[in-house]
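These are the residues of each chain, in order.
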Amino acid sequence: MCIEHCTGQVEGVHSFYDGEVSRELGYFDPAISPASSSTSAASSSSSTPAASATPAKKLNLVNKARINVPIALHPPQFTAVAQELVRIAHERCASVPCLDEPNTCRINYYTNSGKIGWHYDRVPSLSKEEQRTVTDPVISMSFGNSAEFQYKQRMDDPEESVILESGDVIIFGGPARMIYHMVPRVIKNTTPKGLDLRQFGPGRFNVGYYYN
Ligand SMILES: O=C(O)CCC(=O)C(=O)O
Ligand SMILES: [Fe+2]
């Protein structure tokens, strides 16, 4: 089942992974390329012998991948953790609404040269005016190499910057829900020892949960 072959829903992002989600495990599986999928469009390169022996990762901007994972295919333990994190965020900052489990998950994979430009996380079903009224939090988890995350409330504000390390979670809700943010760089060789992401190649995963 191919989840996404399209251009960005988020301003400044036009990089998508032509990948699939495994129904069994519910995770992002770069080992399954469209060329090996029975549901993908016929590919003129499918006769290449190497393609079937070693399915290639396909990152359409070379250095970044993105997939929206139907929440039903997503490990429930993760969504439960996201809900618990929202509860903690609400305790510390009452303007972040305390909600049930999020209903949308997006995974980004960045190679070491991957990045994402300034944008805010729109709710696809809402108009431009309505976006500004949203307060439901975004829960954003980082795994693998560290990355710089920059953010600001308004486009003409000076940016703030934080280094997100593997295992860090950033939650923005309430009045911060529509902050502008970007990831200008991944910091290579910073994946913690013992976290084996070699099957994906060196880089960083970002798992984002939304109430959309
Ligand atoms: O990778 C990150 O930390 C942020 C990703 C992001 O902003 C997005 O997917 O909209
Ligand atoms: Fe974002």
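Residues numbered from 1 in each chain as written. Chains lettered and ligands numbered in written order. Predicted model: local features only at pLDDT ≥ 70, side-chain atom pairs only at ≥ 80, totals over all residues. Heavy atoms only, no water.

Visitor: What should I look at first to understand the UniProt feature "binding site: Fe cation" (unreviewed entry) in the chain in this one?
Guide: Mapped onto this numbering, the UniProt entry gives "binding site: Fe cation" (unreviewed entry) at His119, Asp121 and His181. Sequence-wise these annotated residues cover 63 residues; spatially they are packed, their C-alpha atoms never more than 8.7 Å apart. Residue placement: aspartate 121 occurs in the loop between strand 5 (116–119) and helix 3 (128–131). Apart from residues lying up to four places away in sequence, aspartate 121 is in contact with Arg106, Val138, Phe172, Arg177, Met178, His181 and Tyr210. In terms of polar contacts, aspartate 121 uses its side chain to reach the side chain of histidine 119, at 3.0 Å. Classification of histidine 181 as buried rests on a relative accessible area of 5%. The contacts of histidine 181, once residues within four sequence positions are left out, are Gly117, Trp118, His119, Tyr120, Asp121, Phe149, Gln150, Tyr151 and Phe172. (UniProt positions renumbered as here; feature names shortened; annotations may be inferred. Helix = DSSP H or I, 4+ residues; strand = E, 2+ residues; numbered from the N terminus. Contact = heavy atoms within 4.5 Å. Polar contact = N/O pair within 3.5 Å; in protein donor to acceptor, adjacent residues only side chain to side chain. Buried < 20%, exposed > 50% of the residue type's maximum accessible area, 1.4 Å probe, protein only.)

Visitor: I tried to follow the sheet that holds strand 8 (residues 160–164) on my own but got confused; where do I start?
Guide: Hydrogen bonds between backbone atoms are what pair the strands of a sheet, whose relative direction is either parallel or antiparallel. One open sheet holds the four strands; their spatial order is 5-10-7-8, and the pairing between them is antiparallel. The open sheet has two edge strands, strand 5 and strand 8, and neither has a second partner. With strand direction ignored, the average angle separating the axes of adjacent strands in the sheet is 20 degrees. (Pairing = 2+ DSSP bridges. Axes fitted to C-alpha atoms, helices over the stretch in contact; angles between N-to-C directions.)

Visitor: What exactly am I supposed to notice about the packing of aromatic side chains here?
Guide: The description of an aromatic ring pair rests on the distance of the ring centres and on the angle between the ring planes. Under the criterion given, the structure shown has five aromatic pairs. With centroids separated by 5.5 Å and ring planes inclined at 85 degrees, the aromatic side chains of tyrosine 120 and tyrosine 180 adopt a geometry described as edge-to-face. In this pair, tyrosine 120 is assigned in the loop between strand 5 and helix 3 and tyrosine 180 in strand 10 (residues 180–187), connecting sequence segments 60 residues apart. By relative accessible area, tyrosine 180 is classed as buried at 14%. Residues phenylalanine 149 and phenylalanine 172 carry aromatic rings whose centres are separated by 6.5 Å and whose planes lie at 40 degrees to one another, so their mutual orientation is tilted. You can see phenylalanine 149 sitting in strand 7 (residues 146–152) and its partner phenylalanine 172 sitting in strand 9 (residues 169–172), a full 23 residues away along the chain. Taken together, the ring pairs in this structure connect Phe149, Tyr151 and Phe172 into an aromatic cluster. (Phe/Tyr/Trp six-rings, centres within 6.5 Å; stacked < 30°, edge-to-face > 60°.)

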